Amino acid sequence: MSKSFDVDNNIDVHAPASTYYTTGENARQRTRTHTRSHLNIQQDSELEGTRRRRASHDDKSKARRFLIDVEETQRKILEQEDTDGDFQITINDMGPKTMSLGTADSGGYRKIDIRGTYMLSNLLQELALANDYGRKHIVLDEARLNENPVDRLSRMIRFNFWDGLTRRIDADSLEVICPDTKDRSPNPHPRIYVPYEDQEAFEFYSEVAQKRKHMELEVIRLPKVITADYVKSLNTTPGLLTLAMRKVDDPTSEKGYTYVGEPFVVPGGRFNEMYGWDSYFASLGLLEDGRLELVRSMCENFAYQIKHYGKILNANRTYYLARSQPPFLTDMVIKVYERLDPQKEKENKDWLRRILKSAIKEYWEVWMSEPRLDKKTMLSRYRPDGKGIPPETEASHFIHVIEPFAKKHNVTVDEFNILYNDGVIKEPELDEYFLHDRAVRESGHDTTYRFEKICANLATIDLNALLYKYEMDIADCIRDYLDDDLTDFEGVKQNAEEWLERAKLRRERIDKYLWNEEESLYFDYDTVKEEQINYESVTSFYALWAGCASPEQAQAIVKNSLSKFEVLGGLVSGTDKSRGITSLERPNRQWDFPFGWAPHQILAWSGLDKYGMADTARRLAYRWLYTITKGFVDFNGVVPEKFDVVSLSHKVEVEYGNVGTDFKCVPREGFGWMNASYQVGLSYLNTQMRRALGTCTIPDLLFEKAIIREQRMLGATPEEEEITARRRRTSTLAALAITQNGSIDAAVTRISLEPHTPKF
């Protein structure tokens, strides 16, 4: 008689893999599952009768569980279902989309069919996870295969993805962290650069280098003053920049203590550096998932960067020393402070003061100083220092730019690069090009036609809205949290009224230079040409998030401009009109139409909610989460860096590809801010919307009446309603292509060769 496997009610069938595959029935190694031997026809006939009798061992009232040979089942499912050989089971695979598994209660004898892309891809993922924990045979609950995709993805983010993205810099992690895929120097070996003032870190890493000689770790102290020339001099010896550490007891050490790095979350699995604005958006998801201490550590790392490197870095590698990224520290630190243990009030306030001192230093020395500050408008720009060609880019990245100059000087491109970087050849036009290129990278929006050859001259709505938020946040903290007790690093007392006045003046300047009443939208301002540019950007919604729009401006943006950006899958970065015609000579940029990004979605939801438009925020959140969920269901659990939100595709043919899509069998990390947007987005949905999301209900079916109702509440005319509806119909028609199962072309954004609208 076959063994019956009783369900352990103490084991959650949806427990993290680390629990599920190491406890209960899966804590014991299985020796075999039931397999059918080679039988003749008569024996097979007898077996069928036996199957009917043996089926009685399956209690119909119990949830089904399967007895599985991990290695053999994984081999079979890939052989049968993975027809394109990418170690994933997706709607593009042409297999039969069905596989039989033996039930646990029948000892593997009775077979049940598992059908469809979603369940089969979940099976493949569970097999890979079981293999991670050394399981040869498992008892697998069917509930893990047909789990509501919303619950499954949220669970994977909470218990798997964040851990897969967490890093720290200390003795135990250096061998993993130091290697750099962007290091194309002649002698790429591990280097770590330590700030001039951080003697403890220098001694610590020097000791590590001595003890772990096999690493050939080079520990280098940075100069007290870091110039653009010095940063350029490191192009041939790039390395990692230290982050914050804390002292912990260590009985094995002669000193009785050691240092461990403050942990942080990286954007995607291939990264090992702490990136600026990526970290802020990841922190929002981490806080939703209760990872308070991890976010607190990330704040410590940002404060360390400001103290020692003068700014929050693009990322902590030497080639980023001159570049910052969009500033979010004040909002991040407030969100942490509000969640700290209220029993530790004094300790919490001291911590808040210390981090805010760094934010104040960043505000004045980075964003309110030249060259980033435009003295005429008193608005700020992305305009970092730097010289030469950015070394972190691929060797071929700038060939099309440099070739004409190389020909002019009768040298090869490689020879020109050396001569230009060394200052032997002077080319002011090229200097200007790389000034704007560095500014684009500092903005985080690399790249977009919005900023092409102009970024460093622009007072952008996004940056100035963020700085308005800094000013308001610091004022609020002084008044509401810190008992009017805050000084900067020089000991100068900070006054809430002065910060409120700075915010008031910035708001007036934003209205004067960036707001366009006729278009009901904010536009970036060219400080050189002294005029607004005409690129329609979704970053206008930053003004709502920051609170610097008036109620009338917020209403006007939603009534007259939201429909320019709202498409089937969420908010698109910019309009088709603003991007312009694409071709082989003028290819798509990833921060333009038709792409959507998590930061834009999250800030728009929050901003709309702040101005009393919660229904609109919920609708936009649903659209975005639908896009993520649909990709997760159809493409083996993928959570990518970005989406084509017009045609609902992550398989984009655009610069830099799409991080988070290249994995075998099971996704390990997703993508930082995409993970966060999912967890944050779920908090906006009501029960009905969450149920609809679990069944992948198309957004326009869910919101058709709500959109009409919203337009009428805002006073839209019938003609304006028709314009809005026409825009949405266009995006819906484009999106239908993705539903053609099995068509690879349907899942890929392509560049049109025709001199008109791009083809999807």
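Residues numbered from 1 in each chain as written. Predicted model: local features only at pLDDT ≥ 70, side-chain atom pairs only at ≥ 80, totals over all residues. Heavy atoms only, no water.

Digging into the overall build of the chain
- Within the chain, the secondary structure is distributed over 27 helices and 24 strands.
- A total of 760 residues make up the chain; the buried ones form 58% of that total.
- Sequence separation of at least 24 residues holds for 73% of the intrachain contacts in the chain that already meet a minimum separation of 6.
- Total accessible area computed for the chain in this model is approximately 32,300 Å², and 49% of it derives from carbon and sulfur atoms. (Helix = DSSP H or I, 4+ residues; strand = E, 2+ residues; numbered from the N terminus. Buried < 20%, exposed > 50% of the residue type's maximum accessible area, 1.4 Å probe, protein only. Contact = heavy atoms within 4.5 Å. Areas by Shrake-Rupley, 256 points an atom, 1.4 Å probe, with all protein chains shown as cover.)

Focus: the packing of helix α3 (residues 70-81) against helix α4 (residues 117-132)
- Remark: α3 packs on α4, axes separated minimally by 10 Å, with the N-to-C direction vectors making an angle of 145°. In this structure, α3 meets α4 at a crossing whose hand is left-handed. Only Leu120, Leu123, Leu124, Leu127, Ala128, Ala130 and Asn131 of α4 make contact with α3, whose side of the interface consists of Val70, Thr73, Gln74, Ile77, Leu78 and Glu81.
- Taken together, the residues of the contact of α3 with α4 break down into 9 nonpolar, 3 polar and 1 charged. (Axes fitted to C-alpha atoms, helices over the stretch in contact; angles between N-to-C directions. Left-handed = near helix turned anticlockwise from the far one by under 90°. Nonpolar A, V, L, I, M, F, W, Y, C, P; charged D, E, K, R; others polar.)

Concerning the packing of helix α13 (residues 399-408) against helix α14 (residues 413-421)
- The N-to-C vectors of α13 and α14 enclose an angle of 85°; their axes lie 9 Å apart at closest approach. Of the possible angle classes, the one that applies to α13 and α14 is roughly perpendicular. Here α13 contributes Ile399, Ile402, Glu403, Phe405 and Ala406 to the contact with α14, which in turn contributes Val413, Phe416 and Asn417.
- Here the contact of α13 with α14 is composed, by residue class, of 6 nonpolar, 1 polar and 1 charged. (Parallel < 35°, antiparallel > 145°, perpendicular 65-115°, else oblique.)

Some points on the packing of aromatic side chains
- Applying the stated criterion across every chain yields a total of 38 aromatic pairs.
- Summarising the aromatic geometry, the rings of Phe204 and Tyr205 are spaced 5.0 Å apart at their centres and angled 75° between planes, so their arrangement reads as edge-to-face. Just as Phe204 is buried, Tyr205 falls in that class too.
- Centre to centre, the rings of Phe398 and Phe434 are 5.0 Å apart; their planes meet at 80°, and the pair counts as edge-to-face. Taken together, the positions of Phe398 in the loop between β13 (379-380) and α13 and Phe434 in helix α15 (residues 428-443) put the pair 36 residues apart, joining distant regions of the chain.
- You can call Phe434 buried: its relative accessible area is 0%.
- Between Arg221 and the ring centre of Phe202, over which it is positioned, the NZ or CZ distance is 4.2 Å.
- Over the ring of Trp367 we find Arg372; its NZ or CZ atom is 5.5 Å from the centre of that ring. (Phe/Tyr/Trp six-rings, centres within 6.5 Å; stacked < 30°, edge-to-face > 60°. Lys NZ or Arg CZ within 6 Å of the ring centre and 35° of its normal.)

Thoughts on the side chain of Arg167
- If you trace the backbone, Arg167 turns up in strand β5 (residues 166-167).
- Within the buried set, Arg167 has no salt-bridge partner at all; the shortest N-O distance to an opposite charge, 5.7 Å, is to Glu669.
- Polar side-chain contacts of Arg167 include one of 3.2 Å to the backbone oxygen of Phe271.
- Engagement of the side chain of Arg167 in a polar contact is seen with the side chain of Asn272, the distance being 2.9 Å.
- Not counting residues within four places of it along the chain, the set of residues in contact with Arg167 comprises Ile177, Glu262, Pro263, Phe264, Val266, Gly268, Gly269, Phe271 and Asn272. (Lys, Arg positive; Asp, Glu negative; His and termini not counted. Salt bridge = Lys/Arg side-chain N within 4 Å of Asp/Glu carboxyl O. Polar contact = N/O pair within 3.5 Å; in protein donor to acceptor, adjacent residues only side chain to side chain.)

What to know about the sheet that holds strand β17 (residues 525-526)
- With antiparallel pairing, 3 strands are arranged side by side in an open sheet as β14-β17-β18. Where the open sheet ends on each side, the last strands, each with one partner, are β14 (458-459) and β18 (531-532).
- Pairing between β14 and β17: 2 bridges, direction antiparallel. The partner of Ala459 across the bridge, within β17, is Tyr525. (Pairing = 2+ DSSP bridges.)

Quick notes on the confidence of the model for the chain
- When pLDDT is averaged along the chain, the result is 89; 89% of the residues meet or exceed 70.
- The low-confidence segment residues 30-56, where pLDDT is below 50, has 31 contacts with residues more than four positions distant or belonging to other chains.
- Note that residues 734-760 has pLDDT below 50 and, in this model, 62 contacts with residues that lie over four places away or in other chains. (pLDDT = per-residue confidence, 0-100.)

Section: the environment of His397
- Of note, His397 is situated in the loop between β13 and α13.
- By relative accessible area, which is 25% here, His397 ends up partly exposed.
- A sequence separation of 258 residues divides His397 from Glu655, and the C-alpha atoms of the two residues are 10.0 Å apart.
- Among the polar contacts listed, one links the side chain of His397 to the side chain of Arg441, at a separation of 3.5 Å.

Brief notes about the sheet that holds strand β8 (residues 240-241)
- Strand order in this open sheet of 3 strands is β7-β6-β8, and the pairing throughout is parallel. A strand with exactly one partner marks an edge of an open sheet, and here the two such strands are β7 (218-221) and β8.
- For strand β6 (residues 191-194) and β7, the ladder comprises 4 bridges, and the chain directions are parallel. Across the sheet, Tyr193 pairs through a bridge with Ile220, a residue of β7.
- On the sheet, helix α7 (residues 199-211) packs against β6 and β7 and is oriented at approximately 160° with respect to β7.

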